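Survey of secondary and tertiary structure
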Amino acid sequence: GWLFDSKTADLRVGIKKKSKVPGVMITQFIETLPEGKSHPDFTRKPIALTIQEGKFAFFKAIVIGDPAPTVTWSRNNGDVSDTSRYQTKYDPNSNEHTFEMPNVKPDQADTYKCFAVNEFGQAVVTVVLNVIEVGYKKAKAQAQAVENGEENFKTVLKRKSKVRPKSEQPERKDGEIDPKFWELLLSADKKDYERICAEYGVTDFRWMLKKLNEMKQEREEEQAAFVRNLSNLRPIQTNADGTASFELDMDLIDLNSSVYIYKDGVMVQYSREEGEKMKHSLKQIGRKYVFSVKDLMPDDAGLYQLDVEDVNMFSTEFKVPMVDFLVKIQEVKAKEREDAVFECVLSNPFSKILWFGKNMPLEQGDKYDIEVSDDKLIHRLVVKDCMVVDKGIYSACAGIKSCNAWLVVEADKEAPQGKKSARKTTRAGGSGIDLQKVAQEQQVKLEKEREERKEQIKIAKEAAPPPPPPETPAAPPPPAPKEVVPEPKAEGKKGCWKCTLMTRGHDHKRLDKETYEPVITCGLSDIYALRGKPAELIVTLNIDCDGVWFKDGEPLSPDSVSITKDGTTHKLAIRSCTDDDSGVYRFVAGELSTQGKVTVGDVPEFDPDDLHKFSKPVIVRVGQNAAFKMPFAPQESLVVSWFKDGTEIKDGGGVKIVKEPNHSRLLFRDCLRTDAGEIKIQLKNPFGAVEATSKLIVLDRPGPPEGPVETVETTSSVIEIKWNPPKDDGGSPVTNYIIERQHARQSLWTKLGDVTADKTSFRDRNVTHGKKYNYRIYAENPEGISDPLETADSIMAGVMILSGPPGAPTVVSASKTCINLTWTPPEDDRGVPIIGYQLEKRKKDTNQWIALNAVNEPIEDVKYACKDVTEGAEYEFRVSAINESGAGDPSPPSAMVCAKNPNMRPCFKDPEDFIVVRAGNSVRVKINYEAEPPPEITWLKDDEPISPWINVINSEGMSQLVIPSSKRSDSAVYTIIAKNSVGQASFDIEVRVTDEPKSPGPVELEQTVHGRVLVSWAPSPDQELDDRLYYVVSQRDSNNRLWKTVADRLSTTTYTANNILPGTEYHFRVYAKNDMGLSDPSQSPTWGVNSNRVPIATNGVNSVDINFERPPSILVPLKVHTPPKGYQLYMTCAVRGCPTPTVSWFLNDICINSDKNYYITNSFGVCSLYILRVRQKDSGEYKVVAFNSLGQAECSTKLIVRGKMNLRGHFIYKGMFDTIFLQEIFCFAPFPPQIKVTALFFLLRFSGETNTIWRMNEEGSCFHGE
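Model, not experiment: these values are computed from the prediction.

1. Overview of the overall build of the protein
Of the regular secondary structure elements, the protein holds seven helices and 97 strands. Residues counted as buried form 40% of the 1266 residues belonging to the protein. Within the protein, contacts between residues at least 6 apart in sequence are counted, and of these 62% link residues at least 24 apart. About 71700 Å² of surface is accessible on the protein, with carbon and sulfur atoms providing 50% of the total.

What follows is the structure in structure tokens.
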């Protein structure tokens, strides 16, 4: 498209662009934007506002664009040039444009537009301002009615249903408000308050709002007993499918609560099932309730209410206007990118109808234009820039009537393939008939109907026809005067009105034939004559004929009035009007007659004393009330009006107007400066008007001095500034100005002094050369001190002295996220102290230097960590010294540095070296590492390449080995090797894949000694596969049916049960257990009274005492254990002896019986040692010593805790190599005999342990060193 620029008188390209912010219309003036430039756009658009009259209204917007756009504001119906009512501001810190309206008035309610324009385009957004008018109670009668209304409403609120059926409605008293009014307000949005009040004739908004708040609080307390939350109340409205519905979101406390629907107080039956044929339905979708009425009829209008139990939740009024479609919308066939038009004609004027497209409501915007004719009969919908997706059914709804039609969009076959076709300027559709003609005919019909209704009303009001005048010989009264239709027209000040009267029933041809029939061409009308002034009554006929004048039915004689005839003109003149001249005057000529009423009176007058008193100005301070009162004589038909600066003042907001028969009062509450001005009262009646003028002066502190502040002179010792007087002196003259000063980059303001009102300049002599200062000036009058006027920029004393360049920045370190720099101070600071530095960077292959800090935020140190870098990019830096005058010359640039990590050999971060996984589950081994450049990752299984089905996932800083479905054969030591150009590192991870163990073999019982039973079993099949498998034995006897564990962590396949009593049955269960859990038990045979008893052969020989004493012996020795670090450990052995030996545990020949890190038990000779988490220092030789009075026995084993040792350093040996770097050693092994180690010191580090220095001797064994 093209735009015409009225300023330059040329055409511009107008390309529509889409904004990210909805509702913003963007037009680009050129087809291709230069690099780095952009058209204007809104990042924050103004928000629609509804506000009470007299409040502070404002809109805010944030715009972007390069170059910076110019922002202007406008309104649809009026201008915004009055700075006292409209103020435009801009905040450079927040980039906000503000449009302010202090003390907003109802006439400022309008649609406003915000324009952002630069040389490449413009952006426009619209916003609506709604102003709620506020009024007062008008008279005592209304106040009494309000009191009565309050009492009645308290009674209404106690009822179950707030609105009663018509049959039950009590007769309302005069001034009592319909209960529907309050029910609608309780559910209405605030923007609808004014409309509802106007419909029900409520003008006292303050009383209404106060009463409404009380009722809302009471209603919410009632609703809280049944609902948790009530929201999204949508009033009833018609839909595209010909139904009407309202909806709300309601969270019921009790889902079984009853929901009722009322219409005008009468309960409505409804259906909850979809598809029912009932007229009313209530559907529930979650928390949303939707009430619908179908097959709409005029009787469906009324007040609909939704109640839960006996409490009202929502009220809405459905109005059915009497309107129909004279011309319905027709089907439209449009081509792609062409506009489509639907249009219709209504039977009655309708300000706005509802348009729907594919059952979705349509609104005025970029896509749709909704047009209404001046007579509100013709309505159009324009679908702009039609696309194929726009096709469908479109509907128009007016009240309960609707019509619909199809929109068919044909694809543009002429458009280039793969490209969008050009926008078309043609329109498709329409009704195909002359809608204007149909609308005019309907307008004439409506006008005729209105006239007929007026005539009927007039006839009904007339009690009887006027009496005919009495018969006179000169002019006998006509038996049936013909009716004339007057058309009043004022003429001069003599009280004469000319009217053209035509006899009804004559057409043009008949007048031509009957030329001599008399016709009144100018008749009489009602006039108002001033007392003591002349008045005239004139009647004009088409032919010369005589007539008679009557007054109040009596004929008039020439003695009392002057009656003259000049051809076809008959004139009655009253020389000096008196009260007796008032009456109804009638002129009769044959069968024709015309009459008019003459009323004699005076123009309103003021008493001179009252006028003098009123003319004195009223002087008040801001926030005080101002009152004007003017008495006058009571008169009929007297209209009293108040004006301020020529504009009529309306009652409401902060203004109160009281009109009594003998006086009128005007009250301004909480006066503002904008209330000051000329106040005028006007008394007007039909005879004329009179005015009295006064003045309202509102005193306040002055406004700020007018800027900007000008610098008259600046030297090393003096700064002189100048300003302008304030635009508003606050109603009283300014007495003096106060000047304050602030050092730049400081927060303290100091008063320098003040000057008289006739001086608007100041010389500051207490300044330091090279320093910058800020100034602010206050205006003072008897009412107070104004807001300050500040200098826009700091003012320097004398010539600017900048520091010399610092040393070139030096790169300390660099990584991919940060570059650390340092520099040296400048050699020459030129006598001005340096307060900081400004650092700049430049990317390679660019010419732009970018500041890393602002001048007012200096870097106080000579080093800086620059984190605003891109990985892999190269930068150079320069630095400038900052003093009071600003930033000095920049330093030479630094060397180019690349933002990347320094080279380093691979290093693993906190890896795990032992993992246990259940067979069948996936194995995931995650290893994090650090290395630069990125290393090559290799995984090995038992020092062999891994299988193809094992997945390896490598990412930056991490490598992951994944076995999707593990098997026992996957148990192994996996090694990760990371290698780059700097070096390599490796790490071993032991992965153990296991499963729940299989049950042990058959269990056998054997009694070897009286009271003891040997329990033995075959090993579990998994014992050979799992070196961490052990056994658990449970026992149950006939005296106790509960199983209890009698042995745990057995590494052997035998167990000796003690305290076996004769006559009792025993049962045993043996479980195999590993890291995954217990196996199924193996059940022993029952050990009973006669089972496996050891025979006792007496052979008739008496028993003799046998000595069982024996020295200690080891039945089951300790095993060697090699657990991983952090794992739990059990050591067990079996000891016997009589008497029972004492058992002691030793670690490296140190007794550990009392060490709390070890849990030691002795159960009938089974000795156990338990370590919860194995540590590195737990490694060593463990020994068990059992002794009694007959001797001692001992056994020992070694515990080796597996843990990776990172050995870093180097050693020197004699041989063919010069240096060997130790990378990883996992065990202490002698060096090969061909390598002779002369001296070796290295650092041994275990995870979680303190660093220790070790020394290795020539044989390769390690011992602790310094």
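Having seen the structure, we can now continue with the description.
2. Quick notes on the packing of aromatic side chains
Inspection of every chain in the model, using the stated rule, returns 23 aromatic pairs. An angle of 25° between the planes, with centres 5.4 Å apart, marks the rings of F342 and Y394 as stacked. With F342 in strand β23 (residues 339-346) and Y394 in strand β28 (residues 392-398), the pair connects residues that are 52 residues apart, well separated along the chain. Taking the centre distance of 5.0 Å and the plane angle of 55° together, the rings of W549 and F587 count as tilted. Placement of W549 in strand β36 (residues 548-551) and of F587 in strand β40 (residues 583-589) is noted, with a sequence separation of 38 residues between them.

3. As for the sheet that holds strand β86 (residues 1142-1147)
Strand order in the open sheet formed by four strands is β87-β86-β90-β91, with antiparallel pairing between adjacent strands. The open sheet has two free edges, formed respectively by β87 (1150-1151) and β91 (1191-1199), since each of these has just one partner strand. Pairing geometry for strand β90 (residues 1180-1188) and β91, over nine bridges, is antiparallel. Paired with A1186 across the bridge in β91 is A1193.

4. As for the packing of helix α2 (residues 179-187) against helix α4 (residues 205-223)
Between α2 and α4, the shortest axis-to-axis distance is 10 Å and the interhelical angle comes to 70°. In terms of axis orientation, α2 runs roughly perpendicular to α4. Mapping the contact onto sequence places F181, W182, E183, L185 and L186 in α2 and W207, M208, K211, L212, M215, K216 and R219 in α4. Grouping the constituent residues of the contact of α2 with α4 by class yields eight nonpolar, no polar and four charged.

5. Some remarks on the environment of D189
Note on placement: D189 falls in the loop between α2 and α3 (193-200). What makes D189 partly exposed here is its relative accessible area of 43%. Linking D189 and P235, residues 46 residues apart in sequence, is a C-alpha distance of 9.5 Å.

6. With respect to the packing of α3 against α4
At a minimum axis distance of 12 Å, the contact between α3 and α4 shows a crossing angle of 110°. On the basis of the axis angle, α3 is roughly perpendicular to α4. Residues Y193, E194 and C197 of α3 lie in contact with α4, whose contacting residues are F205, M208, L209, L212 and K216. Each residue belonging to the contact of α3 with α4 can be placed in one class, and the counts come to six nonpolar, no polar and two charged.

7. Focus on the pattern of salt bridges
Applying the stated criterion to the full structure yields 56 salt bridges. The partner of E447 in a salt bridge is R450, with the nearest N and O atoms 2.7 Å apart. Here E447 and its partner R450 are both found in helix α5 (residues 435-461), three residues apart, which amounts to about one turn of the helix. With a relative accessible area of 30%, R450 lands in the partly exposed category.

8. Comments concerning α3
If you check which residues of α3 are buried, you get Y193, I196 and C197. All buried residues of α3 lie within an arc of 100° about the axis, which places them on one face of the element. Buried positions along α3 lie against α2 and α4. G201 sits one or two positions beyond α3 and adopts a positive phi of about 75°.

9. Thoughts on the sheet that holds strand β42 (residues 618-621)
Within the open sheet, the five strands sit side by side as β42-β49-β48-β44-β45. Their pairing is mixed. Single-partner strands in this sheet number two, and they are β42 and β45 (647-648). Judged from the four bridges that link them, β42 and strand β49 (residues 688-699) form a sheet pairing that is parallel. Note on β49: the bridge partner recorded for I619 is I697. Here helix α7 (residues 608-615) sits on the sheet and contacts β44 (639-644), β48 (677-685) and β49; the angle it forms with β49, its principal contact strand, is near 30°.

10. Notes on the environment of I850
One can find I850 in strand β62 (residues 850-851). Spatially, the C-alpha atom of I850 lies 9.5 Å from that of F877, the residues being 27 residues apart in sequence. When residues no more than four places from it in sequence are discounted, the contact partners of I850 are L839, E840 and K841.

11. Considerations on the pairing of strand β46 (residues 655-659)
Within β46, four of the five residues are buried, which leaves it mostly tucked inside the rest of the structure. Here β46 runs beside strand β47 (residues 663-668); their pairing, made up of five bridges, is antiparallel. If you follow K656 over to β47, its bridge partner there is L667.

12. Quick look at a positive patch on the surface
A cluster of basic residues, K613, K616, K629 and R665, forms a positive patch at the surface. Following the sequence through the fold, R665 ends up in strand β47. On the basis of relative accessibility, which here comes to 37%, the residue R665 falls in the partly exposed class.

13. Quick notes on the confidence of the model for the protein
Looking at the protein, pLDDT values average 81 and 85% of them are 70 or higher. Within the model, the stretch residues 136-160 combines pLDDT values under 50 with 39 contacts to residues more than four positions away or in other chains. When the criterion is pLDDT under 50, residues 1204-1266 qualifies, and its contacts beyond four places in sequence or with other chains add up to 105 contacts.

14. Things to note about unusual backbone geometry
With an omega of 5°, the peptide bond between D66 and P67 qualifies as cis. By the secondary structure assignment, P67 is in the loop between β7 (57-66) and β8 (70-75). Backbone geometry at D943 places phi at a positive 65°, although glycine is not the residue there. Within the fold, D943 resides in the loop between β70 (936-941) and β71 (944-945). The phi dihedral of N1148 falls on the positive side, at around 50°, and the residue is not glycine. Here N1148 lies in the loop between β86 and β87. For N1148, a relative accessible area of 43% translates into the label partly exposed.

About the criteria used
- Residues numbered from 1 in each chain as written.
- Predicted model: local features only at pLDDT ≥ 70, side-chain atom pairs only at ≥ 80, totals over all residues.
- Heavy atoms only, no water.
- Helix = DSSP H or I, 4+ residues; strand = E, 2+ residues; numbered from the N terminus.
- Buried < 20%, exposed > 50% of the residue type's maximum accessible area, 1.4 Å probe, protein only.
- Contact = heavy atoms within 4.5 Å.
- Areas by Shrake-Rupley, 256 points an atom, 1.4 Å probe, with all protein chains shown as cover.
- Phe/Tyr/Trp six-rings, centres within 6.5 Å; stacked < 30°, edge-to-face > 60°.
- Pairing = 2+ DSSP bridges.
- Axes fitted to C-alpha atoms, helices over the stretch in contact; angles between N-to-C directions.
- Parallel < 35°, antiparallel > 145°, perpendicular 65-115°, else oblique.
- Nonpolar A, V, L, I, M, F, W, Y, C, P; charged D, E, K, R; others polar.
- Salt bridge = Lys/Arg side-chain N within 4 Å of Asp/Glu carboxyl O.
- Arc of directions from axis to C-beta.
- Patch = residues over 30% accessible without salt bridge, like charges linked within 9 Å, V, L, I, M, F, W, Y side chains within 5 Å.
- Lys, Arg positive; Asp, Glu negative; His and termini not counted.
- Charge placed at Lys NZ, Arg CZ, Asp CG, Glu CD.
- pLDDT = per-residue confidence, 0-100.

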